[in-house]
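Geometric and topological summary
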Amino acid sequence: MEREKKERILSLLVSNKPDVLARVAGTLGGRGYNIETLCVDATLDPKVSKIILTTIADQPTLTKIEKQLMKLIDVQQVTDLTKIATVMREMMLVRMKLTERNKADIALIIDTFGGRVVTLNGDHCVIEISGNRDDIEKALQSLKPLGIDDMSRTGIIALERTK
Amino acid sequence: MKIKGSQILIQALKQEGVEVIFGYPGGVVLDIYDELHKGDIRHILVRHEQGAVHAADGYARASGKVGVALVTSGPGASNTVTGIANAHLDSIPIVVFTGQVPTSLIGTDAFQEVDIIGITRPCTKHNFQVRRVEELTRTVSEAFHIARSGRPGPVLVDLPKDVMNAVAEYTLESFRDEDEPQPRPPSKKAFQVLDMISEAKKPLILSGGGIILGGASQELREMAWRTKIPVTSTLMGLGAFPGTDPLWLGMPGMHGTYYANMVISHCDLMIAIGCRFDDRVTGKIDTFAQNARIVHVDVDPSSINKNVMIDVPIVSDCKSALASFNRLLKDKNFTVTDDQRRDWLGMIDEWKRNVPLSYCHSEEVIKPQFVIETLYNLTKGEDTIITTEVGQNQMWAAQFYKYDHPNTFLSSGGLGTMGYGFPAAIGAQLAFPEKLVVDIAGDGSIQMNIQELATAVQYKIPVKIVILNNGYLGMVRQWQELFYEKRYSQTDMTYAPDFVKLADAYGLAGFRTAKPAEVEEVLRKGLSTPGPVIMDFQVDREECVYPMVKPGGPIHEMTLGGREMVN
């Protein structure tokens, strides 16, 4: 069994009810597992929500987490996306103060990571970049020295490449 | 016709076959109590909400049916938490109904409002808040279904006052158990187990509470007898296999028998059924059953590979798994000769002979084990139900009373709840009015739900309480003696009520003795006195429970009281 501790992505189909997220979060937290990122939204079926969460764990621990989540009445399905061919995306919004000195560098970074400027207000701009976790990390590291005002990240969303 | 939520609730409970509710009224459940006043369902008024939940739990454990408790909001609801957690850890099917402030006031810190859904989320199998009266029937039906299906457990249903007052059409909506079949073992696995049994020279069955919850005792016996495999059961599993059978090894683990622990450490095949490898059973995990291949049957997949790594995992309810093993054994005409088992059973017999469960009898002071032995001799049979509190009394009751029938030993295993035994005995007695129900208690734990004496007297519930009174929190004191150089910090309980006078004050009979010669006479008198009875046995103050495995130690390294045994 895989003993390496690494980031694992779980996709959960759950009943679209108010306290389901608390049950899922409590099940992980109560047993000492940390949620690294979390994304929740509706699916094509309005009665069902999809939760994409990531956690850092080895394979035996992940199996325990999956089994505990499956015990929840409102959890219908748990899929370990780490094992499956999956498209993964994360989006980041970054607000930056524009100066004569950093403008060109910012433009280059936006271009490199396929981002775009969402708004431009006076000397502030908000940049949107999406990509896999690695891209987002790299973009963030490049933007940091140029003076980030604030930022917001979505956490990972993921989808199996085929059914 | 449209009827009120409170009426729908009672109808729904009747639909589920509820015969008795253990409860305590209060502001927001007045509408429900007004309905109960009509007397359609029997209600037992407890004296504390914790008692209501333990009583429902005891009723469920004794009868196999779902136990029901009803309490008010706020403190009424929060008082149920220990009882719910207790049922959760032992997988006991109960449904707890809590009142709640009206939906319009939820979240405003209203009078007697607590977020009981949030509080009990981690200690229930599931919980519901009914926010619309139209959802009530279905929710009640679903709650009972969840409580008793798969791995059973407690379910809480929160009932806001306005929902109980609102009116709706009552329609029968029920969740049928057959909709979701229990998981069954794949036949390939059953063949594999059969092969392993054929190959094994030193096989062992470790059975747990799942056998009792799944009603699989008969199947377990059939399998053990056909294969001549010795059986040990966890605390939760006592009674599933007869305590008087030659293949019986007693309980394993921290206070298990010497021979059960030795068998675990020496066996080459362990067939574990309906148990979850609690740390009190396994001791040090690395050395647990280290010579064995392990088959694990459990209805809950999360129990498998949780603590102990399993060679052959089988997700199935115990009854169908055992039935399929038995069918295969029969089809294959599987037989084991006495000769084939001679070495293994001979080795076990030697362990049994060398280190039996024992204690030093005294003519001067009552040994607590002697009380249990005498009680056993006076009451053995299927018409006796024993409940216990928690601590030394519980371990002695597990060691020195022999349980031949399932659902006759009710004890707080997972949570270790002091104060469980007496209200649980009340619940069990209501399930079986004709049986003798005895609560084996300590002087510490009996005081934790002593208020229920009034309940027992009010409803003439003839529960017999045997107090092993050593004036200490005995098990904690034992640990202090063994691991804290006899510094008895806060465990002296000498300041306790006079239990005979207390019995008198509540209006029940009370007896006491401190003389070994009088033990049998007091038990005879107490057990034959009608109504609830307290028997106070003033026992040896510093008697310890042995064998004992040090916490975290390998289970084959036991302290046997005076002589060390390391094997």
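What you are looking at is a predicted structure, and each value in this text was computed from that prediction instead of being measured.

1. A few points about the overall build of chain A
- In terms of regular secondary structure, chain A is built from four helices and eight strands.
- Ordered by position in the sequence, the α and β elements of chain A form the string β-α-β-β-α-β-β-α-β-β-α-β.
- Along the longest, intermediate and shortest principal axes, the C-alpha atoms of chain A span 55 × 35 × 35 Å.
- Considering only intrachain contacts with a sequence separation of at least 6, the fraction spanning at least 24 residues in chain A is 73%.
- Accessible surface for chain A amounts to roughly 9200 Å². Of this, 53% is attributable to carbon and sulfur atoms.
- Side chains of chain A give 25 positive and 23 negative charges; the mean places of these two sets differ by 6 Å.

2. Some thoughts on the nonpolar core
Residue and element names in this part refer to chain B.
- Counting 68 residues, the largest nonpolar core has I205, I271, I273, V295, M535 and F537 as its most contacted members.
- Here this core gets six residues from one element, more than from any other, and that element is helix α14 (residues 318-331).
- Counting contributing residues per domain, this core is built from domain 2 (187-354) and domain 3 (368-545), each supplying no fewer than three.
- In this structure, I271 is in contact with V193, I197, L204, I205, L206, M223, I229 and V295, ignoring residues within four places of it in sequence.

3. Overview of the packing of helix α3 (residues 49-63) of chain B against helix α5 (residues 81-89) of chain B
Residues and elements named next belong to chain B.
- Here α3 crosses α5 at 25°, and the two axes come no closer than 7 Å. Regarding the angle of α3 to α5, the classification is roughly parallel. Within the contact between the two elements, α3 uses Q50, V53, H54, D57 and R61 and α5 uses T82, G83, I84, N86 and A87.
- By residue class, the composition of the contact of α3 with α5 is three nonpolar, five polar and two charged.

4. Observations regarding the confidence of the model for chain B
- Across chain B, the average pLDDT comes to 95, with 97% of residues at 70 or higher.
- Low confidence marks residues 563-567 of chain B, where pLDDT is under 50. Its contacts with residues over four positions away, or in another chain, come to 14 contacts.

5. Some words on the sheet that holds strand β5 (residues 86-97) of chain A
Residues and elements named next belong to chain A.
- On the basis of which strands lie adjacent, the open sheet formed by four strands has the order β6-β7-β5-β8 and antiparallel pairing. Looking at strand neighbours, the two that pair on one side only are β6 (116-121) and β8 (148-160), the edges of this open sheet. Across this sheet, the average inter-strand angle for adjacent strands is 15°, counted without regard to direction.
- In the sheet, β5 pairs with β8 via ten bridges, with the strands oriented antiparallel. What sits directly across from E90, in β8, is I156.

6. Quick notes on the pattern of salt bridges
- One pass over the structure, following the stated rule, counts 43 salt bridges over all chains.
- A salt bridge links K38 of chain B to E35 of chain B, with the shortest nitrogen-to-oxygen separation between them at 2.7 Å.
- Exposure remark for K38 of chain B: the relative accessible area of 53% places this residue in the exposed category.
- Judged by relative accessible area, which is 11%, E35 of chain B ranks as buried.
- With its nearest N and O atoms 3.1 Å apart, the salt bridge here joins R280 of chain B to D279 of chain B.
- Under the relative-accessibility criterion, R280 of chain B is labelled partly exposed at 42%.
- Put simply, E7, E90, R133, E137 and R153 of chain A are held in one network by salt bridges that share partners.

7. Here's the deal with the interface of chain A and chain B
- Contacts between chain A and chain B engage ten residues on the former and 14 residues on the latter.
- Between chain A and chain B, a total of about 1100 Å² is buried, with carbon and sulfur atoms accounting for 53% of that surface.
- Where chain A touches chain B, the interface holds one salt bridge.
- Across the pair K71 of chain A and D300 of chain B runs a salt bridge, and its minimum N-O distance is 3.0 Å.
- Within the residue set of the side of chain A that touches chain B, elements represented by two or more residues are α1 (20-30) and α2 (59-71) of chain A.
- Its residues assigned to classes, the side of chain A that touches chain B shows three nonpolar, one polar and six charged.

8. Structural notes on empty space enclosed by the protein
Residue and element names in this part refer to chain B.
- Inspection of every chain in the model, using the stated rule, returns two cavities of 30 Å³ or more.
- Considered as a void within the structure, the second largest cavity measures approximately 30 Å³ in volume.
- Lining of the second largest cavity is provided by A190, V193, L194, I197, F325, L328 and L329.
- Among the elements of the structure, α9 (187-199) and α14 are those that each provide at least two residues to the lining of the second largest cavity.
- At four residues, α9 tops the list of elements feeding residues into the lining of the second largest cavity.

9. As for the domain arrangement of chain A
All names here are of chain A.
- One can read the domain layout of chain A as domain 1 (6-83) and domain 2 (87-160).
- Taking the mean C-alpha position of each, domain 1 and domain 2 sit 28 Å from one another.
- Facing the ten residues of domain 1 at the interface are nine residues of domain 2.
- For the pair domain 1 and domain 2, the summed buried area comes to about 750 Å², and 63% of that belongs to carbon and sulfur atoms.
- Taken together, domain 1 and domain 2 are joined by one salt bridge.
- Notably, a salt bridge pairs E7 with R133, separated by 3.1 Å at the nearest N-O pair.
- Run the count over domain 1 and domain 2 and you get one residue pair in polar contact (both at pLDDT 80 or more).
- Secondary structure elements with two or more residues in the side of domain 1 that touches domain 2: β1 (6-15), β2 (37-42) and β3 (48-57).
- Looking at side-chain class alone, the side of domain 1 that touches domain 2 contains five nonpolar, three polar and two charged residues.

Thresholds, definitions, all that
- Residues numbered from 1 in each chain as written.
- Chains lettered and ligands numbered in written order.
- Predicted model: local features only at pLDDT ≥ 70, side-chain atom pairs only at ≥ 80, totals over all residues.
- Heavy atoms only, no water.
- Helix = DSSP H or I, 4+ residues; strand = E, 2+ residues; numbered from the N terminus.
- Contact = heavy atoms within 4.5 Å.
- Areas by Shrake-Rupley, 256 points an atom, 1.4 Å probe, with all protein chains shown as cover.
- Lys, Arg positive; Asp, Glu negative; His and termini not counted.
- Charge placed at Lys NZ, Arg CZ, Asp CG, Glu CD.
- Core = buried A, V, L, I, M, F, W, Y, C linked by side-chain atoms within 4.5 Å.
- Buried < 20%, exposed > 50% of the residue type's maximum accessible area, 1.4 Å probe, protein only.
- Domains from an automatic or database assignment.
- Axes fitted to C-alpha atoms, helices over the stretch in contact; angles between N-to-C directions.
- Parallel < 35°, antiparallel > 145°, perpendicular 65-115°, else oblique.
- Nonpolar A, V, L, I, M, F, W, Y, C, P; charged D, E, K, R; others polar.
- pLDDT = per-residue confidence, 0-100.
- Pairing = 2+ DSSP bridges.
- Salt bridge = Lys/Arg side-chain N within 4 Å of Asp/Glu carboxyl O.
- Buried area = accessible area lost by both parts, 1.4 Å probe.
- 1 Å grid on protein atoms, 1.4 Å probe; cavity = no way out; pocket = protein on both sides within 12 Å on 5 of 7 lines; lining within 4 Å.
- Points joined across faces, edges and corners; volume = space filled by probe spheres on them.
- Polar contact = N/O pair within 3.5 Å; in protein donor to acceptor, adjacent residues only side chain to side chain.

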